[in-house]
Protein chains: 4
Amino acid sequence: MQSPRWQRRAEDRPREICAAALDVFTEKGFAAARLDEIAKRAGVSKGTLYLYFKDKEDLFRAVVRDTVAPNVGALRDAAMASELPFAAVANMFLSRFADLAQRLPVGAVAKMVIGESGNFPELAKVWHDQVAGPSIGLLAGLIEKAQAKGEVRAGDPRLHAFTLMGPMLMGVIWREILQPVGGAPLDIEALARQHSQTVLTGLLAESEQ
Amino acid sequence: MQSPRWQRRAEDRPREICAAALDVFTEKGFAAARLDEIAKRAGVSKGTLYLYFKDKEDLFRAVVRDTVAPNVGALRDAAMASELPFAAVANMFLSRFADLAQRLPVGAVAKMVIGESGNFPELAKVWHDQVAGPSIGLLAGLIEKAQAKGEVRAGDPRLHAFTLMGPMLMGVIWREILQPVGGAPLDIEALARQHSQTVLTGLLAESEQ
Amino acid sequence: MQSPRWQRRAEDRPREICAAALDVFTEKGFAAARLDEIAKRAGVSKGTLYLYFKDKEDLFRAVVRDTVAPNVGALRDAAMASELPFAAVANMFLSRFADLAQRLPVGAVAKMVIGESGNFPELAKVWHDQVAGPSIGLLAGLIEKAQAKGEVRAGDPRLHAFTLMGPMLMGVIWREILQPVGGAPLDIEALARQHSQTVLTGLLAESEQ
Amino acid sequence: MQSPRWQRRAEDRPREICAAALDVFTEKGFAAARLDEIAKRAGVSKGTLYLYFKDKEDLFRAVVRDTVAPNVGALRDAAMASELPFAAVANMFLSRFADLAQRLPVGAVAKMVIGESGNFPELAKVWHDQVAGPSIGLLAGLIEKAQAKGEVRAGDPRLHAFTLMGPMLMGVIWREILQPVGGAPLDIEALARQHSQTVLTGLLAESEQ
DNA sequence: TATGAATGAGCGTTCATTCAT
DNA sequence: AATGAATGAACGCTCATTCAT
């Protein structure tokens, strides 16, 4: 009576709700996610959600943006290393991505963005404009510079960027989608290590090149 | 009066419905797809759907299976070429995949499977068991054989397979998800060509290796 | 080809359909009965029903009327015996009813009429006007005459008719409704025999009267 | 503005809904009853029904059970009078039943149970196990005891029970089914009075016995 | 005459949203 | 600020009815 149980941490509510919502949206997708369940997992009532978010879409967007945002900064830094040899930059970039994918729900967000891209094109746009586009652009830029220096072989720099990043995306998706249904476990960091070595000097044995 | 309200086309109906359903499920995802719209696009009434499919889930599964199935066969063939030099096999595999991705809605199916993997784990399983798993396994096997022959450099064959295929998956997803929201257009076949050259001999210029 | 299988017995169709419909309507009631099932049990297609009956209601009414009709005649006869002593008339009436209830689906029709009286008041009306009303009226008339002759004790003749017929109706309902769910089996004819004896001279032993 | 769109009345809601549902189910039967109409009569929205009942069947069962239950207790008491002369017991039993039938929707429940016995055999079972079976059993037991004391004439006690109760059931059904479609009005209590007198000492005038 | 594929209105049920408490 | 009972629009599914064959 005197000290209402729920007065504590009023300003953490939005975060708690977003965390619960991320889980449910990831598991079910936007349409199949139930606000009832999000509320339950967040430990609040359904009505409370509406004190912090205008509606279900607003909550969904908030979840995606809040989870995407931190990624953006983490990638910017890699750009600064552009004076190092390309091999070192590539190594760093891949291992950094692997590290990111271990700590943040990169796979979960990818899943949501991919699955709901038809219903929420703007989220795909955010992902493109803030994450995928800049990353690819950044890489392509580094590659182009390295080509100019004679470090990297000729070819469309953007396609080269796909060669570099594609396996990492595939790894993240494998973990998120196929591993839970019986796919062989995948060590993202090992993938980053082996791939960065291999892709630089080629899959073929030196004797064959 | 002039044109009969409907025609008997029992044989084509299921295909027509599946085609319409593929579109709608791809655009909206399972939960947000409306049977009304699928029916409208298929040019039939809502009730007609139920003459051929038990319910919405049944239709969804049929769509995924029917679209996944053709892919399976197309990949088996690549295995036969295993006596060729690995470089040739890899080339063929990638260009074949690119070709497949041009003609079949690979991206659309991937999108559905990824987005609904939480609600339909069995579809993810089908995709894993019949498409992704075998493909990766096949590649890994070829790679292992090539390693034994000294053609391919050391390393976990499965991770090498990711190195080989990842960029193609990324390409497909880019086209399906990001290109519609402003992503730069991507030529999958050009990607296959450049990637297969690059990945075999390395991103680095020969002088650097 | 030459001799179409179904040309036989074309004029029996309505009867066959009614028989199947009686079963299904009795089991399920009007609303829950499926034309599909009636057609299947009648060995015809759904469309064929519409060659003989305007719609579902029309079929229902036909079923009830066709099954009710024969009962009517069978009861008229009992009136002619009105010169016999009342005890003999009552005996005859009850045993005739028991006989009827053995051979015709009296219980089934009663069930339908009772269950659908809200939706088909006219059927209840048919039942009242052609079956229950006349029967009760007939009995009440006989009783009144017998009272005038000093054969039957004073009292409202119609209520006396309830005393006479009620147990038979209860017997029919018991068989139709409660026996299938575990009610002890009931021999309608034994009931008719014992009841007709008892009701005439009283439940109480003679020493008690 | 002036009057709130709705009020919280969690405690009364189930009862109000059941009352409305009883009316509609009685009028229409289970299948033809519309939840829209039940909700309207209960003064709530359709969705509210689902706050208190799992689905339409659950509501139906609740209605029948809640309406059957009170009857059960009311009949138990009659057993205690077993030391009185049988004539007194029978009198009491019949008048008590008539009283019950005046105050409770006995006819309505009978109608529902009879009409839906095919679709809801368990309700027929409840009715048999808790109402009809015990009542008949109770009466048969009393009759058997009275026979042992020489009060009641020989014969199957259960069939005697039909002789006693049948007219009352018929009266209830008459009122519920036939009176609304033009059947002559029936005074259940008068029926109980006259029947109990008549059935004990016989329909026949004393001079005839 | 007979069929059964096709229709579409209608209902049970769900769930995002509101609002009296 | 927080609740959760109440709402009602919307959707999946059914099934009586129609009609091309």
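Cut-off values and rules
- Residues numbered from 1 in each chain as written.
- Chains lettered and ligands numbered in written order.
- Predicted model: local features only at pLDDT ≥ 70, side-chain atom pairs only at ≥ 80, totals over all residues.
- Heavy atoms only, no water.
- Helix = DSSP H or I, 4+ residues; strand = E, 2+ residues; numbered from the N terminus.
- Buried < 20%, exposed > 50% of the residue type's maximum accessible area, 1.4 Å probe, protein only.
- Contact = heavy atoms within 4.5 Å.
- Areas by Shrake-Rupley, 256 points an atom, 1.4 Å probe, with all protein chains shown as cover.
- Buried area = accessible area lost by both parts, 1.4 Å probe.
- Salt bridge = Lys/Arg side-chain N within 4 Å of Asp/Glu carboxyl O.
- Polar contact = N/O pair within 3.5 Å; in protein donor to acceptor, adjacent residues only side chain to side chain.
- Nonpolar A, V, L, I, M, F, W, Y, C, P; charged D, E, K, R; others polar.
- Near = heavy atom within 4 Å.
- Phe/Tyr/Trp six-rings, centres within 6.5 Å; stacked < 30°, edge-to-face > 60°.
- pLDDT = per-residue confidence, 0-100.
- Domains from an automatic or database assignment.

Visitor: Explain the overall build of chain A to me, using residue names and the numbers behind them.
Guide: Along chain A, the regular secondary structure elements total nine helices and zero strands. Helices and strands in chain A line up, N terminus first, as α-α-α-α-α-α-α-α-α. In chain A, which comprises 209 residues, the proportion classed as buried is 55%. Long-range contacts, defined as pairs at least 24 residues apart, comprise 61% of the intrachain contacts of chain A with a sequence gap of at least 6. As displayed, chain A offers around 9500 Å² of accessible surface, 54% of which is attributable to carbon and sulfur atoms.

Visitor: Residues and numbers for the interface of chain D and chain C, please.
Guide: Taken together, the contact between chain D and chain C spans 63 residues of the former and 63 residues of the latter. For the pair chain D and chain C, the two sides together bury roughly 5800 Å², of which 67% comes from carbon and sulfur. Area buried by chain D at its contact with chain C is led by R153, F162 and L203 of chain D, which between them contribute 14% of it. At the boundary of chain D and chain C, one finds zero salt bridges. The interface formed by chain D and chain C contains 26 residue pairs in polar contact (both at pLDDT 80 or more). Here the side of chain D that touches chain C takes 16 residues from helix 8 (residues 157–178) of chain D, the largest share from any one element. Residues belonging to the side of chain D that touches chain C are distributed by class as follows: 33 nonpolar, 20 polar and ten charged.

Visitor: Got a sec to walk through the protein's contact with DNA strand E? Specific residues and values, please.
Guide: By nearness alone, 41 residues border DNA strand E, and R13, T48 and Y52 of chain B, T48 of chain C together with Y50 of chain D come closest of all. Sugar and phosphate atoms represent 71% of those atoms of DNA strand E found within 4 Å of the protein. Residue K46 of chain A places a side-chain N or O atom 3.0 Å away from a base oxygen belonging to DNA strand E. Taken together, the elements giving at least two residues each to the surface near DNA strand E come down to helix 3 (46–52) of chain A, helix 3 (46–52) of chain B, helix 3 (46–52) of chain C together with helix 3 (46–52) of chain D. Taken together, the residues that form the surface near DNA strand E break down as 17 nonpolar, seven polar and 17 charged.

Visitor: Can you tell me about the protein's contact with DNA strand F, naming the residues and giving the values?
Guide: Lining the immediate environment of DNA strand F, one finds 41 residues, of which T48 of chain A, K46 of chain B together with R13, T48 and Y52 of chain D sit closest. The sugar-phosphate portion of DNA strand F accounts for 71% of its atoms within 4 Å of the protein, the bases making up the rest. A33 of chain B has a polar backbone atom sitting 3.1 Å from a phosphate oxygen of DNA strand F. Here a phosphate oxygen of DNA strand F sits 2.8 Å away from a polar atom, N or O, in the main chain of S45 of chain D. The residue makeup of the surface near DNA strand F, split by class, is 17 nonpolar, seven polar and 17 charged.

Visitor: Pulling in residues and values, what's your account of the packing of aromatic side chains?
Guide: Enumeration over the complete set of coordinates arrives at 24 aromatic pairs over all chains. Between the aromatic rings of F30 of chain B and F60 of chain B, the centroid separation amounts to 5.1 Å while the plane-to-plane angle is 55°, which identifies the pairing as tilted. Of the two residues, F30 of chain B is situated in the loop between helix 1 (13–28) and helix 2 (35–42) and F60 of chain B in helix 4 (residues 56–76); the sequence distance between them amounts to 30 residues. A relative accessible area of 12% places F30 of chain B in the buried class. On the basis of relative accessibility, which here comes to 1%, the residue F60 of chain B falls in the buried class. Between F30 of chain D and F120 of chain D, the ring centres sit 4.7 Å apart and the planes meet at 70°, which makes this aromatic pair edge-to-face. Residue F30 of chain D is located in the loop between helix 1 (13–28) and helix 2 (35–42), and its partner F120 of chain D is located in the loop between helix 6 (106–115) and helix 7 (121–148); the two are separated by 90 residues in the primary sequence. Feature note: the residues F25, F30, F60 and F120 of chain A constitute an aromatic cluster, connected by ring pairs.

Visitor: Would you mind going over the confidence of the model for chain A in detail, with residue names and values included?
Guide: Residues and elements named next belong to chain A. Model confidence for chain A is summarised by a mean pLDDT of 89, while 89% of its residues fall at 70 or above. Put simply, helix 4 (residues 56–76) is where chain A has its lowest mean pLDDT, 82, and helix 8 (residues 157–178) is where it has its highest, 97. Across residues 1–8, confidence stays below pLDDT 50; counting only partners more than four residues off in sequence or on other chains, it has two contacts.

Visitor: Can you break down the interface of chain A and chain B residue by residue, with the values?
Guide: With 64 residues of chain A at the contact, the number on the chain B side is 63 residues. Carbon and sulfur atoms make up 67% of the area that chain A and chain B hide from each other, which totals about 5800 Å². Inspection of the region where chain A meets chain B yields 26 residue pairs in polar contact (both at pLDDT 80 or more). Elements that contribute at least two residues to the side of chain A that touches chain B include exactly helix 1 (13–28), helix 5 (86–103), helix 6 (106–115), helix 7 (121–148), helix 8 and helix 9 (188–201) of chain A. It is helix 8 of chain A that provides the largest number of residues to the side of chain A that touches chain B, a total of 16 residues.

Visitor: Go over the domain arrangement of chain A with me, naming the residues and quoting the values.
Guide: All names here are of chain A. Segmentation of chain A into domains returns domain 1 (1–53) and domain 2 (57–208). Of the residues lining the interface, 13 residues belong to domain 1; the matching set on domain 2 comes to 15 residues. It is L22, T26 and F30 that lose the most area in domain 1 upon contact with domain 2, and together they represent 51% of the buried surface on that side. Where domain 1 touches domain 2, the interface holds zero salt bridges. Viewed at the interface, domain 2 and domain 1 are joined by two residue pairs in polar contact (both at pLDDT 80 or more). Those elements that place two or more of their residues in the side of domain 1 that touches domain 2 are helix 1 and helix 2 (35–42). Ranked by the residues each element gives to the side of domain 1 that touches domain 2, the list is headed by helix 1, at seven residues. A per-class count over the side of domain 1 that touches domain 2 returns ten nonpolar, two polar and one charged.

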